[in-house]
Structure formats: structure tokens, C-alpha cells
Amino acid sequence: ALPIIIDTDPGQDDCIAILLALASPELQVLGLTTVAGNVSAPQTARNALRICALAKRRDLPVFAGCERPLLNQPYHAPEIHGESGLDGAHLPEPRTKLQPRHAVDWLVETLMSRDEPTTIVAVAPLTNIAMALRREPRIADKIKRLVIMGGALRVGGNMTPAAEFNVFVDPHAAAIVFDSDIDIALFPLDVTWKVRVRYEHVERLRAAKGAAAHTVADLMDFYLGTEAMAQSGQDKGAPLHDACAIAWLIDPTLFRGSRLSVRVETGSPLTLGQTLPDWRGLWDRPANVEAFEDADAPRILDLLIQRLGKL
Ligand code: BDR
Ligand code: CA
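Before going into details, it helps to say that this report is about the structure given with it.

Criteria and cut-off values
Residues numbered from 1 in each chain as written. Chains lettered and ligands numbered in written order. Predicted model: local features only at pLDDT ≥ 70, side-chain atom pairs only at ≥ 80, totals over all residues. Heavy atoms only, no water. Core = buried A, V, L, I, M, F, W, Y, C linked by side-chain atoms within 4.5 Å. Buried < 20%, exposed > 50% of the residue type's maximum accessible area, 1.4 Å probe, protein only. Contact = heavy atoms within 4.5 Å. 1 Å grid on protein atoms, 1.4 Å probe; cavity = no way out; pocket = protein on both sides within 12 Å on 5 of 7 lines; lining within 4 Å. Points joined across faces, edges and corners; volume = space filled by probe spheres on them. Helix = DSSP H or I, 4+ residues; strand = E, 2+ residues; numbered from the N terminus. Nonpolar A, V, L, I, M, F, W, Y, C, P; charged D, E, K, R; others polar. Near = heavy atom within 4 Å. Polar contact = N/O pair within 3.5 Å; in protein donor to acceptor, adjacent residues only side chain to side chain. Areas by Shrake-Rupley, 256 points an atom, 1.4 Å probe, with all protein chains shown as cover. Sits in = over half its atoms within 2 Å of the grid points. Axes fitted to C-alpha atoms, helices over the stretch in contact; angles between N-to-C directions. Parallel < 35°, antiparallel > 145°, perpendicular 65-115°, else oblique. Left-handed = near helix turned anticlockwise from the far one by under 90°. Pairing = 2+ DSSP bridges. Salt bridge = Lys/Arg side-chain N within 4 Å of Asp/Glu carboxyl O. Phe/Tyr/Trp six-rings, centres within 6.5 Å; stacked < 30°, edge-to-face > 60°. Lys NZ or Arg CZ within 6 Å of the ring centre and 35° of its normal.

### Details of the nonpolar core
Nonpolar side chains in soluble globular proteins tend to end up buried together. Membership of the largest hydrophobic core comes to 70 residues, with the highest contact counts inside it found for Ile6, Phe187, Ile246 and Phe255. Among residues more than four places away in sequence, those in contact with phenylalanine 187 are Val147, Ile148, Met149, Gly150, Thr192, Cys244, Ala245, Trp248, Phe255 and Phe292. Residues Cys66, Ala122, Ala124 and Leu260 belong to the second largest nonpolar core, which totals 40 residues.

Structure below.
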């Protein structure tokens, strides 16, 4: 199994992504690191513990990370994920405690001490990852690949006409990460907006076995009423953003993309947090990003429903 660390701000789609990873024998989740994003930092940490309780994974360590973006004021999205971040479902109370160490310290120590470079899946504002890179630049060589949900290349943002939420919340952290030479697999809105859950998927999950599938059905039901309504109209479904990053690690044939260089706007008030792709290779820098734009949505949703039914 591929060892991974998930950096997350649960969040409905984060929860679904984490459960999909835990349900998949192809992946070995070494730990969860949490960060402020969809809800406050204490709340994302608590939500990660509740997800571990739901998955009956007392062995899975959770490390709480940065409580606010590098420079900007904290920004949350309760209108999409609810006040708790996981509104709509009854997750169990935490059965384990947070690890005593800060997420950034644990990331640095873990990456530096492992023989083989490790894959990180970052589905939240990139504050923890940027802080770890500044704290110990040598981790760049110890990251096999950074799988990021974030940004928008051709389609415009979901926060502003230019910016997607994760990059908008901490554009300076994202700039540090995209300016590093780490190999990045990027799942921007271009592709995640193509992978949408609808009520038919909620019904299939309700019919599947197990508490995890039923909890995800409840989360999706809520999220269909907020994310879909906010962005596109309920009948079009709600995008499964973060779960795309995990689905790709399980089966790379589910997505198609191309290699290019991407940088992040941090100066302009109008386009703050825009992810700017160099489609024609005009910058003199390596194309270190594999940017995904297409997905086989029906197969991804089948995979999700099948795996969650087994958890
Ligand atoms: C991203 O923002 C968050 O609300 C979601 O969890 C996802 O990571 C989508 O823009
Ligand atoms: Ca997220």
C-alpha cells in the first residue's frame, strides 16, 4: 500500500475523502494533519477525531496544525459545511485525543525520518505545508508527490471570479508551495466540478451497508442543499472536490491532465489567490504540476459507493 499523509480541514468533502482513503487497501494513511479552513482550527481537529471514531480507527494519529493563514485573516465557509463543518450527520464523539505535537513539527520529523519519500494529500489551505517547507526546506526532497485539491485554471473560482477557496484562504502559503520544485498533482475546480453527487448517489449509499456509508449519505444530503445551491443549482449535483485526490491515488486511469507550471497571485486585490497556469511554457521554470481537467465521474462515484459500503 502507498503510505500517505492527509492534510485536511473537515468539511464534508474532506470527510468523504478521508473515509475513502481509509476504506482502500491501496493506501496506508500514516496520519491526519488539520488546519484552519472550512471551519476554525479547533473544529477541524475535532472533526478529524470524530471521523477516526466513525471509521473505528483508534490507531490513526491526528495532529492539529496552524490556526490561521500566514498573513490573511482566518476565513471559514459555514454556509457550505454548516457551523460544525460536518452538519447534516451524527458522527460519534472523539474516542482518541489529539497528538501532543504540532502538525508542522510532526510533518517535518516524519518526512525527514522515513527512508522513502512520502506522498502528501493536501485538501485544505496550504498553511501547514508552507510552514513545514520554511521550517525544513530539505523536506522538498522527502515528498514523493504533493496531491493538492485547490485552484482553478480555466473555469474561474468559487470564492471570487479568480480564486478557489483553499488557495484564496491562504494565497501566500499556496505561493510558497507552488514555487517549490515539489512534484504536484493538482485537482482544481476544472476537474472537481465534473465529479458531482446527486440524490441518486445518496440513495445508493443509504442502501449500502455500514455506518460510514449512511453517515456519508447524510453529509451529502446536507451538502447538496448548500454547495449545489450556492454554486450551480441542486439538480446539477454537488462536487466531491477533495475525494478526487484520493480517487486518483487509488486508480489514476479515472483522470486526465497535462503537465505545466502554475504560480499563485498574491499581490492584486482583484485576483488574489488566482492559480495562473503557464499553458505555453513561457516561464523559464520546470513544469512540475500535473493539472487534471477531465474525470470519469460515473466510475469515480461507483468506486466511492462500493468502498464506503465496505468500511
Ligand atoms: C475546497 O474548499 C473546501 O470548502 C472544500 O473542502 C475543498 O477542499 C473546494 O474549493
Ligand atoms: Ca477541504
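Let us keep going from here.
### Focus: the layout of surface pockets
If you add up the space inside the largest pocket, you get close to 230 Å³. Surrounding the largest pocket, 20 residues form its lining, Asn38, His81, Asn158, Phe165 and Glu227 being those nearest its centre. Contributions of two or more residues to the lining of the largest pocket are made by α1 (12-22), α3 (78-81), α6 (165-169), α10 (211-231) and α11 (241-250). Residues belonging to the lining of the largest pocket are distributed by class as follows: 7 nonpolar, 6 polar and 7 charged.

### Notes on the site of ligand 1
Lining the immediate surroundings of ligand 1 are Asp13, Asp14, Asn38, His81, Val123, Met149, Asn158, Glu164, Phe165, Asn166, His241 and Asp242. Contact distances for ligand 1 include 2.6 Å between an oxygen atom and a side-chain N or O atom of aspartate 13. The contact in question runs from an oxygen atom of ligand 1 to an N or O atom on the side chain of aspartate 242, over 2.6 Å. In isolation ligand 1 has 280 Å² of accessible area, and contact with the protein removes 96% of it. Counting atoms within 2 Å of the grid points, the majority share of ligand 1 lands in the largest pocket. Contributing elements (two or more residues each) for the shell around ligand 1: α1, α6 and α11.

### Examining the packing of helix α9 (residues 199-207) against helix α12 (residues 297-308)
Between two packed helices, the angle of one axis relative to the other and the distance separating the axes together describe the packing. Contact geometry of α9 with α12 gives a least axis separation of 9 Å together with a crossing angle of 25 degrees. Compared by their axis directions, α9 and α12 come out roughly parallel. The crossing of α9 and α12 is right-handed. Along its contact with α9, which presents His201, Arg204 and Leu205, the element α12 presents Leu301, Asp302, Ile305 and Leu308. Its residues placed into classes, the contact of α9 with α12 shows 4 nonpolar, 1 polar and 2 charged.

### A few points about the sheet that holds strand β10 (residues 275-278)
Strand-to-strand pairing in sheets goes through backbone hydrogen bonds, with the strands running parallel or antiparallel. One open sheet holds the 9 strands; their spatial order is β3-β2-β1-β4-β5-β6-β11-β9-β10, and the pairing between them is mixed. Every interior strand has two partners, whereas the edge strands, β3 (62-64) and β10, have only one. Shown here is a sheet whose adjacent strand axes are inclined to one another by a mean of 30 degrees, direction ignored.

### Concerning the pattern of salt bridges
Applying the stated criterion across every chain, the model contains 17 salt bridges. In this structure, glutamate 293 and arginine 154 form a salt bridge, with 2.6 Å as the shortest nitrogen-oxygen distance. One end of the pair, glutamate 293, is in strand β11 (residues 289-295); the other, arginine 154, is in the loop between β5 (143-149) and α6, and 139 residues separate them in sequence. A salt bridge links aspartate 294 to lysine 194; its shortest N-O distance comes to 2.9 Å.

### Here's the deal with the packing of aromatic side chains
Each aromatic ring pair is characterised by the separation of its centres together with the angle its planes make. Tallied over the full model, the rule gives 8 aromatic pairs. Here the aromatic rings of phenylalanine 63 and tryptophan 106 are separated by 4.2 Å at their centres, their planes lie at 10 degrees, and the arrangement is stacked. On the criterion of sequence distance, the pair formed by phenylalanine 63 in strand β3 and tryptophan 106 in helix α4 (residues 103-113) is long-range, its members being 43 residues apart. Geometrically, the ring pair formed by phenylalanine 255 and phenylalanine 292 is edge-to-face, given 6.2 Å between the ring centres and 70 degrees between the ring planes. With phenylalanine 255 in strand β9 (residues 255-264) and phenylalanine 292 in strand β11, the pair connects residues that are 37 residues apart, well separated along the chain. By relative accessible area, which is 5% here, phenylalanine 255 ends up buried. Taken together, Phe187, Trp248, Phe255 and Phe292 form an aromatic cluster joined through their ring pairs. Of note, arginine 154 hangs over the ring of tryptophan 279, and the distance from its end group to the ring centre comes to 3.9 Å.

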